[in-house]
Amino acid sequence: MVVFSLVVSLFIILIDIMKAMPQPRLDPQVMRASAGEAAGVMKALANPERLLLLCEMSQGEVGVSELEARLGIQQPTLSQQLGVLRRQGLVETRRDGKQVFYRVADARVLALLRTMYAQFCPKDVA
């Protein structure tokens, strides 16, 4: 529920920003396509495990074993959630021997993660 509230709040912030900016009239077909894409990203971010994984990857490339150790997300949940992120095109992988490394693939997603961090994460974390 907290993640859903976070996503809704982020969406409201983005709407407020868009309202403040002068914009030309947008083509409804273009908006529909963009809305579908944005909704897909928001759906991926609405899962707490996926959000944690993306937040960790926003700091740079990270291996699967590191993700498991840092976040405490156990197999098979980890593999399942990473698979969703891969299918959505939100992450890219690199293989080094048996080790698989993940990173955020889309700069727009990084921008969303930074905005969410600024709005919802504690500021005085050591």
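Residues numbered from 1 in each chain as written. Predicted model: local features only at pLDDT ≥ 70, side-chain atom pairs only at ≥ 80, totals over all residues. Heavy atoms only, no water.

Caption draft 1: Local environment of the environment of Ser-79. Inspection of the secondary structure assignment puts Ser-79 in helix H5 (residues 77-87). Note: C-alpha distance between Ser-79 and Glu-68 (11 residues apart in sequence) is 9.9 Å. (Helix = DSSP H or I, 4+ residues; strand = E, 2+ residues; numbered from the N terminus.)

Caption draft 2: Fine view of the environment of Leu-113. The topology assignment puts Leu-113 in helix H6 (residues 107-120). Put simply, Leu-113 and Leu-45 are 68 residues apart on the chain and 9.1 Å apart in space, counted from C-alpha to C-alpha. In contact with Leu-113, not counting residues within four places along its chain, are Leu-45, Leu-51, Leu-54, Cys-55, Ser-58 and Val-104. (Contact = heavy atoms within 4.5 Å.)

Caption draft 3: The arrangement of the side chain of Gln-81 in detail. By the secondary structure assignment, Gln-81 is in helix H5. Look past the residues within four positions of Gln-81 in its chain and what remains in contact with it is Asn-47, Glu-49, Arg-50 and Leu-53.

Caption draft 4: Highlighting the packing of aromatic side chains. By the definition in use, this model includes 0 aromatic pairs. Sitting above the plane of the Phe-101 ring, Arg-94 keeps its charged end 4.5 Å from the centroid. (Phe/Tyr/Trp six-rings, centres within 6.5 Å; stacked < 30°, edge-to-face > 60°. Lys NZ or Arg CZ within 6 Å of the ring centre and 35° of its normal.)

Caption draft 5: Representation of the nonpolar core within the structure. Ranked by size, the top nonpolar core spans 24 residues in total, and within it Leu-45, Leu-53, Leu-54, Met-57 and Leu-82 carry the most contacts. Sort the elements by how many residues they give to this core and H6 lands first, with 5 residues. In contact with Leu-82, not counting residues within four places along its chain, are Leu-53, Met-57, Val-64, Leu-67, Val-91 and Tyr-102. (Core = buried A, V, L, I, M, F, W, Y, C linked by side-chain atoms within 4.5 Å. Buried < 20%, exposed > 50% of the residue type's maximum accessible area, 1.4 Å probe, protein only.)

Caption draft 6: Here's a closer look at the sheet that holds strand E1 (residues 62-63). Across the sheet, 3 strands lie side by side as E1-E3-E2; this open sheet has antiparallel pairing. Of all the strands in the sheet, the pair left with one neighbour each is E1 and strand E2 (91-96). Taken together, the 2 bridges between E1 and strand E3 (residues 99-104) define a ladder with antiparallel strand orientation. Counted as the bridge partner of Val-62 is Tyr-102 from E3. Lying on the sheet, H5 is in contact with E2 and E3; it crosses E2 at an angle near 115°. (Pairing = 2+ DSSP bridges. Axes fitted to C-alpha atoms, helices over the stretch in contact; angles between N-to-C directions.)

Caption draft 7: The side chain of Arg-50, seen in detail. Looking at the secondary structure, you find Arg-50 in helix H3 (residues 48-57). Polar contacts involving the side chain of Arg-50 include one to the main-chain carbonyl oxygen of Lys-43, which spans 3.4 Å. Setting aside chain neighbours within four positions, we find Arg-50 in contact with Lys-43, Ala-44, Gln-81, Val-84 and Leu-85. (Polar contact = N/O pair within 3.5 Å; in protein donor to acceptor, adjacent residues only side chain to side chain.)

Caption draft 8: Highlighting H3. Residues of H3 that are buried include every one of Arg-50, Leu-51, Leu-53, Leu-54, Glu-56 and Met-57, and no others. Between the side-chain oxygen at the start of H3 and the backbone nitrogen of Glu-49 there is a gap of 2.9 Å, and the oxygen is on Asn-47.

Caption draft 9: Region of the structure containing unusual backbone geometry. Note the cis peptide between Gln-75 and Pro-76, where omega equals 0°. Its place among the elements puts Pro-76 in the loop between helix H4 (64-71) and H5.

Caption draft 10: Molecular detail of the packing of H3 against H5. Contact pair H3 / H5: the axes reach a minimum separation of 10 Å and the direction vectors enclose 75°. Taken together, the axes of H3 and H5 are roughly perpendicular relative to one another. On H5, the residues that touch Glu-49, Arg-50, Leu-53, Leu-54 and Met-57 of H3 are Thr-77, Leu-78, Gln-81, Leu-82, Val-84 and Leu-85. When its residues are assigned to classes, the contact of H3 with H5 shows 7 nonpolar, 2 polar and 2 charged. (Parallel < 35°, antiparallel > 145°, perpendicular 65-115°, else oblique. Nonpolar A, V, L, I, M, F, W, Y, C, P; charged D, E, K, R; others polar.)

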